[in-house]
Amino acid sequence: MYKFKLLLAACLCLFLNSVNAQSIYLDPTKPIDDRVKDLVSKLTLDEKVHQMMNSAPAIPRLNLPAYDWWNEALHGVARSGVATVFPQAIGLAATFDDQLALQESTAISDEARAMYNAASADDYHQRYGGLTFWTPNINIFRDPRWGRGQETYGEDPFLTSKMGVAFITGLQGTDPDHLKVAACAKHFAVHSGPERLRHTFNAQASPKDLYETYLPAFKALVGANVEAVMCAYNRTNNEPCCGSNLLLDTVLRDKWHFKGHVVSDCGAIADFYMGHHVVPGQAEAVALAVKHGVDLNCGDEYPALVDAVKRGLITEKEIDAALSTLLKTRFKLGMFDPKGNSPYDNIPTSVINNDAHRALAKQVALESIVLTKNNGVLPLRNDLAKYYVTGPNASNVDVLLGNYYGVNPQMTTILEGLASGISPASQMQYKAGILLDRPNANPIDWTTDDAKASDVTFLVMGISGMLEGEEGEAIASPNFGDRLDYNLPQNQIDFLKKLRNGNKHKIVAIVTGGSPMNLSEVQELADAVLLVWYPGEEGGHAIADIVFGKVSPSGRIPVTFPKSLDQLPPYEDYSMKGRTYRYMTAEPLYPFGFGLSYTTFSYTNLQLSAQKINKKVPLKADVTVTNTGKMASDEVVQLYITVPQTGDNPQYSLKGFKRIKLQPGEAQKVEFDITPEILQSIKDNGQSVELAGDYHIYIGGSVPSKRSEDLGMSKSAEAVLTVK
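The structure reproduced in this document is the subject of the present report. Owing to the predicted nature of the structure, the values given are computational and were not obtained by experimental measurement.

Assigned secondary structure in the protein consists of 22 helices and 23 strands. At 27 Å, the protein has a C-alpha radius of gyration in line with the 27 Å of a compact globule built from 724 residues. Expressed as a percentage of the 724 residues in the protein, the buried residues total 62%. Taking all contacts inside the protein whose residues are at least 6 apart in sequence as the whole, residues at least 24 apart take part in 77%. Working note: accessible area of the protein is about 27000 Å², and carbon and sulfur atoms make up 52% of it. Taken together, the 68 basic and 81 acidic charged side chains of the protein have centroids lying 2 Å from each other.

Bringing the pairing of strand β10 (residues 386-390) into the picture now. Sheet faces and side chains relate simply in a regular strand, where the side chains alternate between the two faces. Among the five residues of β10, five are classified as buried, and the element is accordingly described as predominantly covered. Alternating residues of β10 divide into Lys386, Tyr388 and Thr390 and Tyr387 and Val389, and every residue in both groups is buried. Where β10 and strand β12 (residues 456-462) come together, four bridges link them in parallel fashion. In the strand pairing of β12, Thr390 is matched with Leu459.

Attention shifts here to the state of the cysteines. Counted by the stated rule, this structure contains two disulfides. Here Cys231 is linked by a disulfide to Cys242, with a sulfur-sulfur distance of 2.1 Å. Of note, the bridge from Cys231 to Cys242 carries an S-S torsion of about 105° and is right-handed in sense. You can see Cys231 sitting in strand β5 (residues 228-231) and its partner Cys242 sitting in the loop between β7 (239-240) and α9 (245-255), a full eleven residues away along the chain. In this structure, Cys231 and Cys242 share a single accessibility class: buried. Listing the disulfide partners of the protein by sequence rank of the bonded cysteines yields 1-2, 3-4. Not part of a disulfide, Cys184 finds its nearest cysteine sulfur in Cys231, a span of 9.0 Å. Free of any disulfide, Cys241 has its nearest neighbouring cysteine sulfur in Cys242, separated by 6.8 Å.

The next thing to look at is helix α18 (residues 490-500). Within α18 the residues assigned to the buried category are Asn491, Gln492, Ile493, Phe495, Leu496, Leu499 and Arg500. Close packing links the buried residues of α18 with β10, α17 (448-452), β12, β13 (506-512) and α19 (520-525).

In terms of nonpolar packing, the biggest core is built from 128 residues, with Trp134, Phe188 and Tyr302 touching the most fellow members. In this view, Phe188 contacts Leu215, Phe218, Val229, Met230, Cys231, Ala232, Cys241, Leu247, Leu248, Val251, Leu252 and Trp256; residues no more than four positions away in its chain are not counted. Membership of the second largest hydrophobic core comes to 75 residues, among which are Phe141, Tyr387, Phe495 and Tyr590.

For helix α6 (residues 157-172), which comprises 16 residues, the first-to-last C-alpha distance of 22 Å matches the rise-based estimate of 22 Å (1.5 Å per residue) to within 8%. Within α6, twelve of the 16 residues are buried, leaving the element largely enclosed by the surrounding structure. Residues of α6 that are buried: Pro157, Leu159, Thr160, Ser161, Met163, Gly164, Ala166, Phe167, Ile168, Gly170, Leu171 and Gln172. On its buried side, α6 packs onto α4 (89-94), α5 (98-120), α7 (207-214), α8 (216-223), α21 (580-583) and β18 (653-662). Of the residues flanking the start of α6, the one acting as N-cap is Asp156, its side-chain oxygen 3.0 Å from the backbone nitrogen of Phe158. Positioned one or two residues after α6, Gly173 has a phi angle of 80°, which is positive.

On inspection of all chains with the given rule, the structure shows 22 aromatic pairs. Here the aromatic rings of Tyr67 and Trp69 are separated by 5.5 Å at their centres, their planes lie at 75°, and the arrangement is edge-to-face. Of the two residues examined, Tyr67 and Trp69, each falls in the buried class. An angle of 80° between the planes, with centres 5.8 Å apart, marks the rings of Tyr652 and Tyr698 as edge-to-face. With a gap of 46 residues between them, Tyr652 in the loop between β17 (633-642) and β18 and Tyr698 in strand β22 (residues 693-700) connect regions that are remote in the sequence. On the basis of relative accessibility, which here comes to 18%, the residue Tyr652 falls in the buried class. Its relative accessible area of 13% is what places Tyr698 among the buried residues. Feature note: the residues Phe96, Phe158, Tyr581, Phe592, Tyr640 and Phe657 constitute an aromatic cluster, connected by ring pairs.

What counts and what doesn't
The written sequence of each chain sets the order in which its residues are numbered from 1. Reporting in this predicted model follows two pLDDT cut-offs: at least 70 for local features of residues, and 80 or more for side-chain atom pairs to be given and counted; totals over whole chains, interfaces and linings ignore these cut-offs and use all residues. Each side-chain value is derived from all of the structure's non-hydrogen atoms; neither hydrogens nor water enter the calculation. Strands are runs of DSSP state E lasting at least two residues, helices are runs of H or I lasting at least four, and both sets are numbered from the N terminus onward. Two things to know: the radius of gyration comes from C-alpha atoms, and the globule rule equals 2.2 Å times the number of residues to the power 0.38. Throughout, exposure labels follow a simple rule: accessible area from a 1.4 Å probe, protein chains only, divided by the maximum for the residue type, with under 20% read as buried, over 50% as exposed, and the rest as partly exposed. When checking whether two residues touch, look at their non-hydrogen atoms; a contact exists if any pair is within 4.5 Å. Accessible surface is estimated by sampling points in the Shrake-Rupley manner with a 1.4 Å probe; for residues, cover comes only from the protein chains shown. Counted as positive: Lys and Arg. Counted as negative: Asp and Glu, with His and the chain ends omitted from the count. By convention, the point assigned to a charge is CZ for Arg, NZ for Lys, CD for Glu and CG for Asp. For two strands to be treated as a pair, DSSP must find no fewer than two bridges joining them. Throughout, disulfides are identified as pairs of cysteine sulfur atoms within 2.5 Å of each other. The criterion is simple. A nonpolar core is a set of buried Ala, Val, Leu, Ile, Met, Phe, Trp, Tyr and Cys residues joined through side-chain atoms within 4.5 Å. To estimate the expected span of a helix, count its residues, drop one, and scale the result by 1.5 Å. Pairs of N or O atoms are called polar contacts if they sit within 3.5 Å, as long as, within protein, a hydrogen donor faces a hydrogen acceptor (for residues adjacent in sequence, only side-chain-to-side-chain pairs). To pair, rings of Phe, Tyr and Trp, with the six-membered ring standing in for Trp, must have centres within 6.5 Å; the planes then decide the type, stacked if under 30 degrees apart, edge-to-face if over 60, and tilted in the middle.

See the structure below:
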């Protein structure tokens, strides 16, 4: 019997070697298209459709290992183990620093490859262990009620485009023949809540809003060769996004010539018949999805393609085309090549959460923190007699994380960071004082009197992933992760009022969260307000460096904070009228691009290199930026353009930004290109046009509104360009 088993094993080995010898798909010297064609030709129909599911099974007869396509890396490798936890995406957006975004995503892809290299040696193919990352989320954060807005780069299509392109570039690497990891632009398109309705909702967007606001970032990432696009749950203009002729066929494939693969959001194809009711059943749904170019099914619906073929709803040739597109990604990632064939095969595990990546996480946090008020209290000396730290988020690890996060053995809470920043001669006390979102069960208050006896009180307040996020993750949210109540929890405001009442000492409010919230009373009652987002593993240390003056704050608001939801259209209304800094006419609490510093800046001598646009030679706009204060600081220089006001055009549009560092008294000339493309306006029919008339060019530290100046921002420099 033993000899028989040995003989059988030998025969099997010979058979597999024979298969491999005849398999073009295993030969890395052959063109990818030939390798893909060879592999597809060896598969049965049933095997093909199972390879088009996110959890693709192994095929032993072809030495094809199992692979799960699902992985996340929104602000660090997520759900996979120990990794560097960077600030949440909205915090990265607040840096207005696309080069920093490139550095961050390069570090993330290093860690992802290191994890994969280590795990694949043990034939490890679990979910969240692969190289295909469904990142970034480049939807427009059009309404502060959306719980997943924290995952985005804010409300502006230009900022989102620049940050998104930088992020995918770092993820995918620069080798011409190999992908480092595969990035994915999601969720295509016109997707930003309500979370509770996403499986049934029909987002209605005009052609103007589509091409002016909702689609530009996707177009930019496709132009930068993003490997994948994820279609959204909802319908857009009556078509399910994962079965949309307009979005997937006309725009993505025909107009933009996208060559990568399309993946459905998870369960979105089942929504065709369970939520949207556009087809009667599963076979019709999967046929519709594949016919419109959805190559990968996150879910378990695609086995029904076998029945769809039998019923004549789709052909096997169409399935072959979809599978071929999908498999190209795995070949680019080197998954069928000998070890060492890819330049990324030998990235070691020593890069994971190493000192350089921790320092980078801290730098992102430092650049993201926004100072919204400073009544002379910051920066603080670190040797005062007594500091008091209180609030529900001071020692809370959750507020460092946001959503879609990894884990880390060295998370630095805000309390720990502040404690690390004070002199050994100083005292610091801490009590949470209150719960996150409800009154204390115990009415005894041992906190407010202790706080009033201190030189300064840090109140760490705001919201967390318990209150905002994806539909099933924000477990304290009554609205499936959305925030339909714009206010902070009332118990937090009441607590701040108690701390303020009769208190002659300073109060610094440190506010966590991933979305706009009503901070009107916080702005009024606190002496200084820092908006820190979800600042990642080094968040506590970064906040301490800002508070104690090692670094001047330089973050900028990437999404308008209205004073109340009464200033906005209904949540379900996807028209841009009345939304974001571009179309909102009401005075906001905090405008887009706003953020104070420990110093001051002036913008002078804005000059244009010509008075007309040349399509071959960009017009130059330059301005002199001077640090007129007493502390070195970064400044985010922002270019805005107002087009001739004919019809419903934006009030302002961000068209450029640059982060510079200036010493006290130092001046620097900053230059931007003004091209015909950035002067284009979108007509009601979605077509681009260059309008005749006066274009106002603004360069400053925030959107050039009166509200920005009232809050302490320098006046922007302005010039006029006339186009005939």
